Amino acid sequence: MSGRPRQWDAVVLGLGGLGSGALYWLARRGARVLGIERFETGHDRGGSQDHSRIIRLSYHRPEYVRLAFAAYEAWEALEQEAGERLVTLTGGLDLFPAGAAIPPDDYVSSLEACGVPFERLTAAQIRRRWPAFTIDDDVIGLFQERGGLVDAARANAAHLRCARARGAEVLSGAPVESLRPVGDDELEIRVGGETHLARAVVVAAGAWSNRILEPLGRPLPLTVTREQVTYFGTPHLDELAPDRFPIWIWMDEPSFYGFPVYGEPGVKVAQDVGGRETTAEERDFEPDPEALERVRSFCSRLLPKALGPELYTKTCLYTLTPDRDFVLDAVPGAGPVWVAIGAGHAFKFASAIGRILAELAVDGRTEADLSLFSIDRPILREADPPKHFMV
């Protein structure tokens, strides 16, 4: 392309889970929209590619529970258009040992405040319903039947495919060179030596976010960690199948989580925020043997039937805010630039967040309650904020 800059209603920077969702919902609204991805679409350098991500109504704050309701609705709308199932309900089980670092009362009060039905289970009831768990008697459980998983790679591909079918365009292998306001309501994006003009920009760049935000004068105190998940070739495939076994989270420090058999002939288990700090540029893709041993040790004590030969270990990046709440807000002083930071637990909400970002980009407002996710909250203004990653 040469000559005059192309003009867009909106440009989306980053096409992982949140960015592909924004691209789809912008296109669904009829916006002239361009998506820009610094690598190839569907790459595994960020945090959005794999067979599965947890989806659940169970959360520690009512704001997240309400957003989860919107997420199920948004995924259903995408499923209808894409003609494929993306969400598999398995039920979701939160496991709290005595003195858990993550208090069950926060989850109970949030579920009750939002009218979500759930079951309180004793350790004996958990072992009876799912004999694969070998938990101690002091463990309690919260079970919510609408928990399950989203097929992450297929969901990203569906967002992009349906966005393109509605007229969206995509540039891949195209790192952004610059983003700057060129008026009160227009932005200039330079990429590949070419210029694009947009009425709004959505930044959903994950671990690369501060590359874009820093020149706008508003970098965020983000921590990037390299995480990993492991698929174990369990011999108990039937017992741990999605119609017989839930997604689960161990609500303590360290925290672990896992899935029934899905996508591979085995189960996926991981530690939450168990990886070392890194950067988007310096990270490597080699599994961490110490992290793998922590997962093996946990399963050998509490979920031994999950263990079997290691099929493979896959790495990804978390981009964490210090309080681990999202950022969904405009960048102050940068014109109509909207930023989305998922803090390592946003994929379940990706289509709903994409819909919200589309509303913000087109209308400048949304009915969703984003007060918890402000870019101006005090902890994000501190030079060296305290970090609390347990949710």
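Thresholds, definitions, all that
Residues numbered from 1 in each chain as written. Predicted model: local features only at pLDDT ≥ 70, side-chain atom pairs only at ≥ 80, totals over all residues. Heavy atoms only, no water. Helix = DSSP H or I, 4+ residues; strand = E, 2+ residues; numbered from the N terminus. Expected span 1.5 Å × (residues − 1). Buried < 20%, exposed > 50% of the residue type's maximum accessible area, 1.4 Å probe, protein only. Salt bridge = Lys/Arg side-chain N within 4 Å of Asp/Glu carboxyl O. Pairing = 2+ DSSP bridges. Axes fitted to C-alpha atoms, helices over the stretch in contact; angles between N-to-C directions. Parallel < 35°, antiparallel > 145°, perpendicular 65-115°, else oblique. Left-handed = near helix turned anticlockwise from the far one by under 90°. Contact = heavy atoms within 4.5 Å. Nonpolar A, V, L, I, M, F, W, Y, C, P; charged D, E, K, R; others polar. Phe/Tyr/Trp six-rings, centres within 6.5 Å; stacked < 30°, edge-to-face > 60°. Lys NZ or Arg CZ within 6 Å of the ring centre and 35° of its normal.

> Please clarify how helix 1 (residues 17-28) should be interpreted in this entry.
Residue pairs three or four apart in sequence face the same way in an α-helix, which turns once every 3.6 residues. Here helix 1 contains 12 residues, and its C-alpha end-to-end distance of 17 Å stays within 8% of the 16 Å for a straight helix at 1.5 Å per residue. Most of helix 1 sits out of view: 11 of its 12 residues are buried. Looking at helix 1, one finds that the buried residues are Gly17, Leu18, Gly19, Ser20, Gly21, Ala22, Leu23, Tyr24, Trp25, Leu26 and Ala27. Gly30 sits one or two residues past helix 1 and shows a positive phi near 90°.

> Quick question: what am I supposed to make of the pattern of salt bridges here?
Between side chains of opposite charge, pairing is possible as soon as their charged atoms come close. Summed over the entire model, instances satisfying the criterion amount to 27 salt bridges. Note that Glu169 and Arg6 form a salt bridge whose closest N and O atoms lie 2.8 Å from each other. Residue Glu169 is located in strand 10 (residues 169-172), and its partner Arg6 is located in strand 1 (residues 6-8); the two are separated by 163 residues in the primary sequence. In this structure, Lys387 engages Glu277 in a salt bridge whose closest nitrogen and oxygen atoms are separated by 3.6 Å. Highlighted residues: Lys387 in the segment after helix 8 (350-363) and Glu277 in strand 19 (residues 276-277), separated in sequence by 110 residues. Classification of Lys387 as partly exposed rests on a relative accessible area of 46%. What makes Glu277 exposed here is its relative accessible area of 58%.

> What is the right way to look at the pairing of strand 22 (residues 337-341) in this model?
Along any regular strand the residues' side chains alternate between the sheet's two faces. Within strand 22, 5 of the 5 residues are buried, which leaves it mostly tucked inside the rest of the structure. On strand 22, burial covers both faces: Val337, Val339 and Ile341 on one face and Trp338 and Ala340 on the other are all buried. Relative to strand 22, strand 21 (residues 327-330) runs antiparallel, the two sharing 4 bridges. Considered in strand 22, the bridge of Leu328 is made with Ala340.

> What exactly am I supposed to notice about the packing of helix 1 against helix 5 (residues 152-165) here?
At their nearest, the axes of helix 1 and helix 5 sit 8 Å apart, and the two run at 30° to each other. Classed by the angle they form, the pair helix 1 and helix 5 counts as roughly parallel. For helix 1 against helix 5, the interelement crossing comes out left-handed. Touching Gly17, Ser20, Gly21, Leu23, Tyr24, Trp25 and Ala27 of helix 1 are Asn156, His159, Leu160, Cys162 and Ala163, all from helix 5. Across the contact of helix 1 with helix 5, the residue classes break down as 7 nonpolar, 5 polar and no charged.

> What is the right way to read the packing of aromatic side chains from this model?
Any aromatic ring pair is given by two values, namely how distant the centres are and how the planes are angled relative to each other. Going through the model one piece at a time under the given rule, you end up with 19 aromatic pairs. Each ring, one from Trp248 and one from Phe298, has its centre 5.6 Å from the other, and the planes form 15°; the classification is stacked. Highlighted residues: Trp248 in strand 16 (residues 247-250) and Phe298 in helix 7 (residues 289-302), separated in sequence by 50 residues. By relative accessible area, which is 1% here, Trp248 ends up buried. The exposure class assigned to Phe298 is buried, which follows from its relative accessible area of 2%. Put simply, the rings of Phe133, Phe245, Trp248, Trp250, Phe256 and Phe298 touch in pairs and so form one group of aromatic residues. Seen from the ring of Tyr59, Arg56 lies directly overhead, with NZ or CZ sitting 4.2 Å from the centre. Its guanidinium or amino end placed over the ring of Phe259, Lys268 lies 4.5 Å from that ring's centre, counting from NZ or CZ.

> It is not clear to me how the sheet that holds strand 4 (residues 53-55) should be interpreted in this structure. Could you clarify?
Working definition: the strands of a sheet are paired by backbone hydrogen bonds and lie parallel or antiparallel to each other. As summarised here, the arrangement of the 3 strands in space is 4-9-5, forming an open sheet in which the pairing is antiparallel. At either end of the open sheet lies a strand with only one pairing partner, and these are strand 4 and strand 5 (87-89). Strand-to-strand twist of the sheet, defined as the mean angle between neighbouring strand axes without regard to direction, takes the value 30°. Sheet topology places strand 4 next to strand 9 (residues 148-150); 3 bridges connect them, and they run antiparallel. Residue pairing in the sheet places Ile55 in a bridge with Gly148 of strand 9. The strands that helix 2 (residues 62-82) touches are strand 4, strand 5 and strand 9; relative to strand 5, the one it contacts most, it runs at about 125°.

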